[in-house]
Amino acid sequence: MGKPIRSRPRRSQRTRFTRSEISQMENLLAEKKDELDQIFFQNVTKELNAASGRAGSRAIQMEQVQKWFQSEKRNQATEVTSSPNPSEEFINISDTSLSNSAPESSSDLPKGEKVPDEMNWEFEARSSRDGAWYDVATFLTHRVLSSGELEVRVRYQGFGAEEDEWVNVKRAVRERSIPLESSECRKVAVGDLVLCFQESAEQATYYDAHVIEIQRKLHDIRGCRCLFLIQYDHDQTEEKVNLRRLCRRPAN
């Protein structure tokens, strides 16, 4: 690509939260009217680590929680609204023509193309740096390449402007995957495409995977105890995971 690859360890530190945990923190941030202090961060960290879904995973550090909230507040303060009508999932730009004279354009689009609308938490994008999927905080702008392909510049949820990236709309932008609740394990079937939270010493990110086998178990007070054998699409490795680490595609 001609650019230095972004630091994966720095990015992975900020992706150790599952989507259900991020959703929980978003709600807390929306409800919080006064200043965020150390006691608040300590309580949130304790609550997240005490959740049943955290059993067997690395403990969350208060510094990670604090950085997430601070980054989220900065993003909210600097958020760029690019869509005049946020009530629609996509902006239809079929009346716009593409100029053949320019190799790239941030204003002209191929006839019939669509740009994702600016809606928080409605879309996810696949980074070209590591092939993982990240939630989109905002679409900053768009451009059309000389090939006619449409790209958008995205800001990822929980990351600053230094991590902004151009991504291909057709291949790397899609509706956000949905976290699964304990009662929804029956919605997952062998052969399904899922988004799986892959955690290791080096990184903790979401990758596409397919379900190979399901070991159904009786649920207890902790929730779903079923195990899912999945194969990651990006490297073909297999792993047994619990439901907490899976998100389903909206079509499932």
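It should be noted that the structure appears before, not after, this text.
(A) Seen up close, the packing of aromatic side chains. Enumeration over the complete set of coordinates arrives at nine aromatic pairs. With a centroid separation of 5.3 Å and an interplanar angle of 55°, the aromatic rings of Tyr-134 and Tyr-156 are classed as tilted. Of this pair, Tyr-134 sits in strand S4 (residues 133–144) while Tyr-156 sits in strand S5 (residues 150–156), and the two are 22 residues apart along the sequence. What makes Tyr-134 buried here is its relative accessible area of 4%. Classification of Tyr-156 by relative accessible area gives buried; the value is 0%. Centre to centre, the rings of Tyr-156 and Phe-159 are 6.4 Å apart; their planes meet at 80°, and the pair counts as edge-to-face. Both residues of the pair, Tyr-156 and Phe-159, belong to the buried class. In this structure an aromatic cluster arises from ring pairing among Phe-40, Phe-41, Trp-68 and Phe-69. One cation-aromatic arrangement involves Arg-174 over Trp-133; the distance from NZ or CZ to the ring centre is 3.7 Å.

Cut-offs used in this document
Residues numbered from 1 in each chain as written. Predicted model: local features only at pLDDT ≥ 70, side-chain atom pairs only at ≥ 80, totals over all residues. Heavy atoms only, no water. Phe/Tyr/Trp six-rings, centres within 6.5 Å; stacked < 30°, edge-to-face > 60°. Helix = DSSP H or I, 4+ residues; strand = E, 2+ residues; numbered from the N terminus. Buried < 20%, exposed > 50% of the residue type's maximum accessible area, 1.4 Å probe, protein only. Lys NZ or Arg CZ within 6 Å of the ring centre and 35° of its normal.

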